[in-house]
Amino acid sequence: MVLLNSNPVAAIVQTGSALVDPSSYNVQAIGQAKGMMELGWNVDFYANFRGISELTVIHRAGDCELRAIPVKGVQLFREIVYFPGLVKLVTHSDYSFVQVGGDSQLMTPLLLKSAKRAGTPTIFIQGMYQHYRGYKRLFQKAFDFLFKKTIIQNADYIFAKTPIARDYLLNKGYSAIKLFPIGLDVPETKDNSELSDLIATFKAQFDTLLLYIGKIEPRRNPKFLLQVLAGLKDTGLSVGLLIVGQGPQESELKLWIDEIGLGVSVLHLNRIENSESHILYKKADAFLLPTNYEIYGMVMLEALYWGCPVISTPEAGPLAILTKPEYGVCVELDVHRWVEIILRILKSETLNPQQREHRSRYIKTQFSWVELGKVFLQNIGLTKTSKG
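Residues numbered from 1 in each chain as written. Predicted model: local features only at pLDDT ≥ 70, side-chain atom pairs only at ≥ 80, totals over all residues. Heavy atoms only, no water.

A. Expanded view of the sheet that holds strand 12 (residues 208-213). Sheet architecture is open: 6 strands sit in the order 14-13-12-15-16-17, paired in parallel fashion. With partners counted over all chains shown, the strands left at the sheet margins are strand 14 (266-269) and strand 17 (328-330), one partner each. Averaged over all adjacent pairs, the angle separating strand axes in this sheet is 20°, with direction ignored. Taken together, the 6 bridges between strand 12 and strand 13 (residues 239-244) define a ladder with parallel strand orientation. Within the sheet, the bridge partner assigned to Thr-208 lies in strand 13 and is Val-239. Most of the contacts of helix 6 (residues 193-203) go to strand 14, to which it runs at about 160°, and overall it touches strand 12, strand 13 and strand 14. Along the sheet, helix 7 (residues 222-234) makes contact with strand 12, strand 13, strand 14 and strand 15 (286-289), crossing strand 13 at roughly 165°. (Pairing = 2+ DSSP bridges. Helix = DSSP H or I, 4+ residues; strand = E, 2+ residues; numbered from the N terminus. Axes fitted to C-alpha atoms, helices over the stretch in contact; angles between N-to-C directions. Contact = heavy atoms within 4.5 Å.)

Here it is in structure tokens:
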């Protein structure tokens, strides 16, 4: 790979087959890369990109570049995907390190072993924290039998995105695992007077506004949201719920709203631009995330960035982020408990309105990609000026 300047170059490789849209908000690898660029690094990001068919510079910071390098995968069998030519492309380049992620992806052990053999420092990062289920679990067991040892032996540095993901790896026999949390890009903000008026009109009907942003799907328990809303209304609270999102349970959501009798108390928007989400977070009194599985949870970071407290289930991301009561609370899926917690948080907000600023400062200082990048580079013993 031809270098365009004297800055060191890192390779971040997405070993899964999922399409990456560089124009979408908060692609984690791109966020990490932007943080490293501020620290004087070039980054090559290998992935199966949407809309990119050749090497493309997608971001610049000073004399540093982030280059998207598209690769196409071949599906060998169900979940097993191979990227022809990727190993040679990565290992024949002069990278300061090669980073991969996902302990159940075929290209992960292949890249780690080849890069290690080439003398390039190797990094493995894990976000998943639960075993697969059903037939996928059989594939996972077979994969671990064949490749887990290869990953462990050829990863110079191992990181987990959350403490629970670290425990997952420890239980599988990994060791010396460091934490590397997910950061948040500085949100782009745009005004939308029509949306602002719509939210203000809806909120004016109630004393309290609750917010959910995300897919309308079983993993996120949309019916539970409505049951919590009904429970809050039964206490006499004047409360409305704003739901933003689409998904496979969207039609069911409308039926549930009618069945429970919440028609006037719920405003459902199919989608908004991410740059307009600040309008919602600023108006909301609490953000709700009743999820069954959450590797991290970018919407929580966004909510806290704009000062909004979060109530979520005790999954990996929420447990890692909601470390103080003023940030929010993790609680199991129990309607009565959620009602109790929300009422308590609303009371606390009334007594301590400055908590919104505390939450915003927490995200800006603890989840900045630049600051996370500094710690990451220290952990792998690399500076801007040297390789290895």
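Don't stop here, the text continues.
B. Focus on the packing of aromatic side chains. Within the structure shown, the criterion is met by 18 aromatic pairs. Seen from their ring centres, Phe-45 and Phe-49 are 5.2 Å apart, and the 90° between their planes marks the pair as edge-to-face. According to the relative accessible area criterion, Phe-49 is buried, its value standing at 2%. These aromatic residues form a ring-pair network of at least three members: Trp-41, Phe-97, Phe-159, Phe-180, Trp-369 and Phe-376. One Lys or Arg, Lys-364, reaches over the ring of Tyr-305 and ends 5.2 Å from the middle of that ring. (Phe/Tyr/Trp six-rings, centres within 6.5 Å; stacked < 30°, edge-to-face > 60°. Buried < 20%, exposed > 50% of the residue type's maximum accessible area, 1.4 Å probe, protein only. Lys NZ or Arg CZ within 6 Å of the ring centre and 35° of its normal.)

C. Examining the pattern of salt bridges more closely. Under the defined criterion, the tally for this structure stands at 13 salt bridges. In this structure, the salt-bridge partner of Arg-271 is Glu-273, at a minimum N-O distance of 3.3 Å. Assessed through its relative accessible area of 38%, Glu-273 is described here as partly exposed. Among the charged side chains, a network of salt bridges with common partners joins Glu-217, Arg-219, Arg-220 and Glu-294. (Salt bridge = Lys/Arg side-chain N within 4 Å of Asp/Glu carboxyl O.)

D. Broad picture of the nonpolar core. Formed by 97 residues in total, the largest nonpolar core has its most connected members in Phe-45, Phe-97, Leu-280 and Phe-287. The contacts of Phe-97, once residues within four sequence positions are left out, are Val-9, Ala-10, Ala-11, Met-36, Trp-41, Thr-120, Pro-121, Ile-123, Phe-376, Leu-377, Ile-380 and Leu-382. Val-100, Leu-106, Ala-155 and Tyr-174 belong to the second largest nonpolar core, which has 34 residues in total. (Core = buried A, V, L, I, M, F, W, Y, C linked by side-chain atoms within 4.5 Å.)

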